Amino acid sequence: MLSTADAIFPPGRRALRQSGPMRALLDLVLPLECGGCRQPGTRWCVGCAQQLSSEPFALRTRVAGVPPAWSTGSYAGARRAMVIAAKERGRRDLTQEIGCAWALAVQRLREWGELDPAELTPLCLVPAPSRGRAARRRGGDPVLRAAHACALQLGAATAVWPALRVASGVRDSVGLSADQRVANLLGRVLVTERPGPSADATVVLVDDVLTTGATAAASTAALRLHGVRVHAVLVLAAVQ
Ligand SMILES: [Zn+2]
């Protein structure tokens with residue numbers, strides 16, 4: 001049975017990631033339990049890895065203005081647990097697994113003709129914005145870290161463009177309806193970095209969880225204003 005990472009990394013390279021001084025250091029600072037099911041003795045168990053390697057599926061978002069959106073799975077089980085562990089419990093190591101899941105999904109979407117092949121166009125991953133203060137409190141933005149992990153695995157023709165920020169005055173979206181989420185974010189997602197991706201790049205907005213699609217819609221609109229077309233949205237987990 002292949003884990004998510006085994007499916008991409010040759011076995012030798014995978015072994016390198018899980019041994020040596022870095023692993024020993026991680027063992028000292030992190031509790032050794034699965035980030036998906038809290039099984040002791042492993043950071044990411046075989047069962048959870050299997051859950052994470054399922055095929056991406058197309059999403060129907062509840063708000064307008066979202067490009068074709070794909071998820072690697074539902075916001076439940078191992079995915080839900082890993083998102084919470086990465087965001088709230090400082091499990092930075094899990095962002096590697098999220099990156100692996102996205103990389104697998106990108107490969108599938110290329111095979112299905114939903115995304116251009118790497119030989120044809122470069123790929124640009126744009127992490128969905130998270131509010132700065134929340135990200136700092138969590139010890140870094142897991143979506144940004146996962147995007148870098150994904151790019152590393154997909155290879156040289158993949159870039160990460162962390163250009164999106166949420167302006168101040170945006171409320172926490174928990175408890176808001178789809179319409180309220182859209183209103184809350186309207187015009188408040190900002191493009192803060194130049195230059196953008198090359199004109200021929202395939203641009204994919206990545207996020208950990210998609211609930212209504214309001215963040216994806218606001219991000220897509222902000223990028224469009226700056227002449228950047230988002231080709232697809234890819235998330236780890238979708239609330240359905
Ligand atoms: Zn597990």
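Thresholds, definitions, all that
- Residues numbered from 1 in each chain as written.
- Predicted model: local features only at pLDDT ≥ 70, side-chain atom pairs only at ≥ 80, totals over all residues.
- Heavy atoms only, no water.
- Helix = DSSP H or I, 4+ residues; strand = E, 2+ residues; numbered from the N terminus.
- Expected span 1.5 Å × (residues − 1).
- Contact = heavy atoms within 4.5 Å.
- Buried < 20%, exposed > 50% of the residue type's maximum accessible area, 1.4 Å probe, protein only.
- Arc of directions from axis to C-beta.

**Regarding helix α9 (residues 214–225)**
- Between its first and last C-alpha atoms α9 spans 17 Å; for 12 residues at 1.5 Å apiece the expected length is 16 Å, and the two agree.
- Against β3 (123–127), β5 (164–166), α8 (178–185), β6 (189–191), β7 (202–210) and β8 (232–238) lie the buried residues of α9.
- A positive phi of about 80° marks G227, the residue just after α9.

**Structural notes on unusual backbone geometry**
- Phi is positive for R38, which is not a glycine, with a value near 65°.
- In this fold, R38 is placed in the loop between α2 (20–29) and α3 (46–52).
- Take R38: its relative accessible area is 47%, and that puts it in the partly exposed class.

**Quick look at α8**
- By the burial criterion, the buried members of α8 are A178, R181, N184 and L185. When α8 is viewed along its axis, its buried side chains cluster within an angular range of 125° and face the same direction. For α8, exposure combined with an orientation more than 90 degrees from the buried face picks out D179 and A183.
- Buried residues in α8 make contact with β5, β6 and α9.
- Looking one or two residues past α8, G187 carries a phi angle of roughly 70°, positive in sign.

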